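Listed here are the chains, written in short residue letters.
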Amino acid sequence: MDSPLAYDEGLMGRALTLASRAVETGDVPVGAVVVDADGTVIGEGWNARERDGDPTAHAEVIALRAAAAARGEEWRLDGCTLVVTLEPCTMCAGALVLARVSRLVFGAYDEKAGAVGSLWDVVRDRRLNHRPEVRGGVRAEEAAAQLLAFFADHR
C-alpha cells in the first residue's frame, strides 16, 4: 500500500494533468479532483472562467459541483478529499468548508490570494462549524512551474 504522501502525490498528478486543460482555453492552469473515502474519483475540474464567462468557474468549484452531483441528493462531501494544484482562494475555501470536505490537499501556495494559510486561513477558522484536515505543498514545484509558464506566456 502506498504511503499517504505517495497517495496524495498520485492524485496531485491527476490534478496537474487537468490543470493543463485550462490553458487550452486561456485560463490559469489550476486543476482539482475530489475522491470519496474509498479513493474513487467522484468529481474533477479545471479553471473555466474564460471558457464559460463565469467568475465562479474555478477548478475547485467545478470539481465540488461534480462530486455533489455524483452523490445525488447528498451534497455533503463528508469523507471526501479535494486535491487542487493551487492553494484555494477565499471563495473556494468557503465552498469546501460549506461542502463539508474532510481533507484538502493542495500544491503551490498562493501568496497573493491564498485562503488556506498564505493570506487568510478560512479553513481553520474556529468560528466556522467545519474544519477540514489540510496538507499543503504537495508537488508544489510542479504546480508552481505550470503557473509560472502560463504567466510568462501571457505577459
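Structure shown above.
Every residue gets a number counted from 1 within its own chain, in the order that chain's sequence is written. pLDDT decides what is reported in this predicted model: residues at 70 or higher carry local features, side-chain atom pairs at 80 or more are listed and counted, and totals for whole chains, interfaces and linings draw on all residues regardless. Neither water nor hydrogens contribute to the side-chain values; these are computed over all heavy atoms in the structure.

## Considering the pattern of salt bridges
One side chain can pair with another of opposite charge once the charged atoms of both are near each other.
Phase 1 of the analysis: Salt bridges are defined as contacts in which a side-chain nitrogen from Lys or Arg sits within 4 Å of a carboxyl oxygen from Asp or Glu. Under the criterion given, the structure shown has 10 salt bridges.
Phase 2 of the analysis: Arg124 serves as the salt-bridge partner of Asp121, at 3.0 Å between the closest nitrogen and oxygen.
Phase 3 of the analysis: Two residues, Glu142 and Arg139, come together in a salt bridge whose shortest N-O distance is 2.7 Å.
Phase 4 of the analysis: Only protein chains enter the accessibility calculation, which uses a 1.4 Å probe; a residue is then buried when its area is under 20% of its type maximum, exposed when over 50%, and partly exposed in between. Note on Arg139: relative accessible area 25%, which makes it partly exposed.
Phase 5 of the analysis: The structure contains a network of salt bridges with shared partners spanning Asp8, Arg103, Glu133 and Arg135.

## Section: the sheet that holds strand S3 (residues 81-86)
Phase 1 of the analysis: Pairing between strands is defined by DSSP: at least two bridges between the two strands are required. What counts as a helix is a DSSP run of H or I of at least four residues, what counts as a strand is a run of E of at least two, and both are numbered from the N terminus. The strand order across the open sheet formed by five strands is S2-S1-S3-S4-S5, and the pairing between neighbours is mixed. Two strands in the sheet have a free side with no partner beyond their single neighbour: strand S2 (41-46) and strand S5 (133-135). Strand-to-strand twist across the sheet, computed as the mean angle between neighbouring axes with direction ignored, equals 15°.
Phase 2 of the analysis: Here strand S1 (residues 31-35) runs beside S2; their pairing, made up of five bridges, is antiparallel. Its bridge partner being in S2, Val33 is matched across the sheet by Glu44.
Phase 3 of the analysis: Here, residues are in contact when the closest pair of their heavy atoms is within 4.5 Å. Orientation is described by axes fitted as lines to C-alpha atoms, over the contacting stretch for helices, and by angles from 0 to 180 degrees between their N-to-C directions. Seen against the sheet, helix H1 (residues 4-23) touches S1, S2, S3, strand S4 (103-108) and S5 and runs at an angle of roughly 135° to S1.
Phase 4 of the analysis: In the packing of helix H5 (residues 140-153) onto the sheet, contacts are made with S3 and S4, and the angle to S4 comes to roughly 60°.

## Structural notes on the packing of helix H3 (residues 59-70) against helix H4 (residues 90-98)
Phase 1 of the analysis: It is the contact of H3 with H4, at a shortest axis distance of 9 Å, that shows an interaxial angle of 20°. Put simply, H3 runs roughly parallel to H4. Relative to H4, H3 is oriented so that their crossing is left-handed. Of the residues in H4, those in contact with Glu60, Val61 and Leu64 of H3 are Met91, Cys92, Ala95 and Leu96. For classification purposes, angles smaller than 35 degrees are called roughly parallel, those larger than 145 roughly antiparallel, those between 65 and 115 roughly perpendicular, and all remaining angles oblique. Note on convention: the crossing is left-handed when the near helix lies turned anticlockwise from the far helix by less than a right angle, right-handed when the turn is clockwise.

## Regarding the packing of H1 against H5
Phase 1 of the analysis: Across the interface, H1 lies against H5 with an axial gap of 11 Å and an inter-helix angle of 10°. Classed by the angle they form, the pair H1 and H5 counts as roughly parallel. Here Leu16, Ala19, Ser20 and Val23 of H1 come into contact with H5, specifically with Glu142, Ala143, Gln146 and Phe150.
Phase 2 of the analysis: Residues are grouped as follows: nonpolar covers Ala, Val, Leu, Ile, Met, Phe, Trp, Tyr, Cys and Pro; charged covers Asp, Glu, Lys and Arg; every other residue, Gly included, is treated as polar. For the contact of H1 with H5, the per-class residue count stands at five nonpolar, two polar and one charged.

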